[in-house]
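Breakdown of the fold
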Amino acid sequence: MAHAIATFIGAMLMTTMSMTTATQLNDVERNEPRIANLLEQMTLVEKVGQMSQANASDGYPPDYLGNGLRAGRIGSVLNVVDVDVVNELQRIAVEESRLGIPLLVGRDVIHGFKTIMPIPLGQAAAWNPDLVREGARVAALEAATAGVNWTFAPMIDITRDPRWGRVAESPGEDPYLASVLAAAMVEGFQGDDLSARGTIAACAKHFAGYGAVESGRDYATTNIPENELRNVHLRPFKTAVDAGITTLMTSFSDLNGVPATGNEFLLREVLREEWGFGGFVVSDYNSVQQLAIHGLTENDRDSAYEAVTAGLDMEMAGDAYSNHLIGLVEEDRISIETIDAAVANILRVKFRLGLFENPYTDSAELPPTGSDTALQAAKKAALQSVVLLKNDHRALPLSAERLSSIAVIGPLADAPYEQMGTWTFDGDPGMSVTGLQGIRDFVGHDVEIRYVRAMENSRSWSTEAFDEAIAATRASDLAVLFLGEESILSGEAHSRADINLPGAQAKLVRRIREIGKPVIAVIMAGRPLTLTNIVDEVDAILFAWHPGTMGGPAIADLLFGIESPSGKLPVTFPRMVGQIPIYYNHKNTGKPPSPDTIVHIDDIDTHAPQTSFGMTAFHLDAGYTPLFAFGHGLSYAEFDYQNIKADAREIGLAIR
Ligand code: BGC
């Protein structure tokens, strides 16, 4: 903990410094005349083309993309990761279009490309910006080998709702931690020089408020008062802008009555006028056309009008811009200056990436994917992200010398794909080392491993294989249970209303518990879970999130005490769903609860019910404390704090 906090404080100081580097200033001086020059030559069709992004998987080859590129009608593509195809698309854009403007090639590289780091929420548990920067750097280098020059990351939506599937992608509930990590990710992806080989443009998303979707239901509405919007949700975005991020993506959600993709307050007032952002803003997938579904507009033409007027520079995947912007300019509903400003924002990023000088990718100039360096970074990230939630009677670490056999049980013990987590389009499950493998590699032939999957997947209700798991445990010194959620249970559109361990897992835990052997739970999940129904049934819990490619070796090192757990929760774990939203930095209220003022529903005297109990802010059935608080995380060391003193009455914090 001491190490994590010291590193964290170091990073806090770092982020108070301006990130505007000399390189960026030179870029601005050098590139603005080039942008103006191009704009003078561009037709309206070509300008609108720069503002339109096409999904390459919709039509390559032969003609849709190729012809669009030749005609200058496409400025960016997403979802193409074959380097030869990317180079061919760049060749058409650069050599066969009239003005030769290169392409932005976008991809969701969220927590790794081939080598997968822990999910972003897990990485946040390390409280270590250096680690996060390194993870983004590895991801950028690997993605660049495929010709990707723009990632749709970092995702920096603050959320206090673990039901939301996208909590997995988020840095958690705290705007300050999220801001520090946001800057680190921008630095990792973009480096000092965006035109260098192996750096890629970053995209802070989803601007803004997405993490506050009602009841954690993805895409739902958000209503966020301005003080909370600015103090909580906008803060990491401001930090990302100050750190030199080149692009932002709007949120699918509606913010205070206006969908983010058509929200002028966000895109012009805050982002451009207040923060002076000079990069460009892309919509989310088809979110311009969705403005009509939201009810803001009646048709695609009006959606294009609202979005471009609000300040949205590029449309992702849809065709509202390509079909309607030209007509809107011709009708004088939109000025050419509005279009030019958007195109300039996009060209600025292309120039900064050095694409005009160097549009092609030679993978041989970059390290191969899955290199030792990448795997080591992934292991370090997994090691630091795991949180030891409980450890009764020092059940952990295990001693391989003193054990003769271990029962390894559960649907996530040997699940190479699942441990990668959500948003791993390009991740290679063949590279994953599972928990089972990690343990086997660690103990070698000295300790017998009895592996029983026990459930087909994390959601299974069948208890048929439980007897086998029970027999394996009886025959072993102890059981290590790999529980949790498989990857598909979190991520976009994968929200849950019940966040207990799914399926029959709690039943499995109870059945194993009855045997009386020590029970260690390793939980892999894309969100905080309500663990109330199993927490007392196990001796220790290592919460491993979805730990990525190198999860297995990291977990083995932690189980056997080669490393001491150091992760601290970046989100609060509720006792039960009804406590949500629950987070550490809530306001005091006029009636804050305390242990003396609360009562549990089961303790109300039926014969003499009182009419009030302390009159404070708590739940009769859950109290007011979480199961595990923000910042919680044990280690194998014991710390003793004595005579703590502050050397000032007030401590100022510089937060950007
Ligand atoms: C997601 C974005 C993502 C985009 C492109 C959308 O559905 O909300 O986060 O970047 O798809 O894949």
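Note that the structure is predicted; figures quoted are calculated from it, not measured. (Residues numbered from 1 in each chain as written. Predicted model: local features only at pLDDT ≥ 70, side-chain atom pairs only at ≥ 80, totals over all residues. Heavy atoms only, no water.)

Quick word on helix α9 (residues 226-233)
To keep things clear, this is the line we draw: Only protein chains enter the accessibility calculation, which uses a 1.4 Å probe; a residue is then buried when its area is under 20% of its type maximum, exposed when over 50%, and partly exposed in between. Every helix listed is a DSSP run of H or I at least four residues long, and every strand listed is a run of E at least two residues long, numbered separately from the N terminus. It is the directions from the helix axis to the C-beta atoms that the arc portrays.
Among the residues of α9, L229, V232 and H233 are the ones counted as buried. The buried side chains of α9 occupy one side of the element, clustering within an arc of 100° when seen end-on.

Structural notes on the side chain of Q289
Just so we agree on the cut-off: In this analysis, two residues are considered to be in contact whenever any of their non-hydrogen atoms come within 4.5 Å of each other.
Mapped onto the secondary structure, Q289 falls in the loop between β9 (280-282) and α12 (290-294). If we ignore the near neighbours within four places in the chain, the residues touching Q289 are D300, S303, E315, G318, D319 and A320.

Focus: the environment of Y321
By the secondary structure assignment, Y321 is in helix α14 (residues 320-330). Exposure remark for Y321: the relative accessible area of 0% places this residue in the buried category. Separated by 145 residues in the primary sequence, Y321 and F466 have C-alpha atoms spaced 56 Å apart. Every residue in contact with Y321, bar those within four places of it in the chain, is listed here: V48, M51, S52, V288, A304, A307, V308, L312, D313, M314 and E315.

A look at the packing of aromatic side chains
Filter applied, for reference: Only Phe, Tyr and Trp rings are paired, with Trp represented by its six-membered ring, and only when their centres lie within 6.5 Å; those with planes under 30 degrees apart are stacked, over 60 edge-to-face, the remainder tilted. By the criterion adopted, a ring carries a charge over it if an Arg CZ or a Lys NZ lies within 6 Å of its centre and within 35 degrees of its normal.
As enumerated under the stated definition, the model contains 16 aromatic pairs in all. Ring plane angle 85° and centroid distance 4.9 Å describe the contact between F543 and F573, whose orientation is recorded as edge-to-face. One end of the pair, F543, is in strand β16 (residues 540-543); the other, F573, is in the segment after α20 (551-559), and 30 residues separate them in sequence. In terms of burial, F543 and F573 fall into one category: buried. These aromatic residues form a ring-pair network of at least three members: W164, Y210, Y219 and F252. One Lys or Arg, K114, reaches over the ring of F113 and ends 5.5 Å from the middle of that ring. The ring centre of Y583 lies 3.9 Å from the NZ or CZ of R160, which sits over that ring.

Considering the nonpolar core
Stated formally: By nonpolar core is meant a set of buried Ala, Val, Leu, Ile, Met, Phe, Trp, Tyr and Cys residues that side-chain atoms within 4.5 Å join together.
Core analysis: the largest hydrophobic core is formed by 91 residues, its most contacted members being F207, L248 and L325. In this structure, L248 is in contact with C203, A204, F207, F237, V241, L271, F277, F280, V281 and V282, ignoring residues within four places of it in sequence. Counting residues in hydrophobic clusters, the runner-up holds 43 residues, among them V167, A479, L529 and I534.

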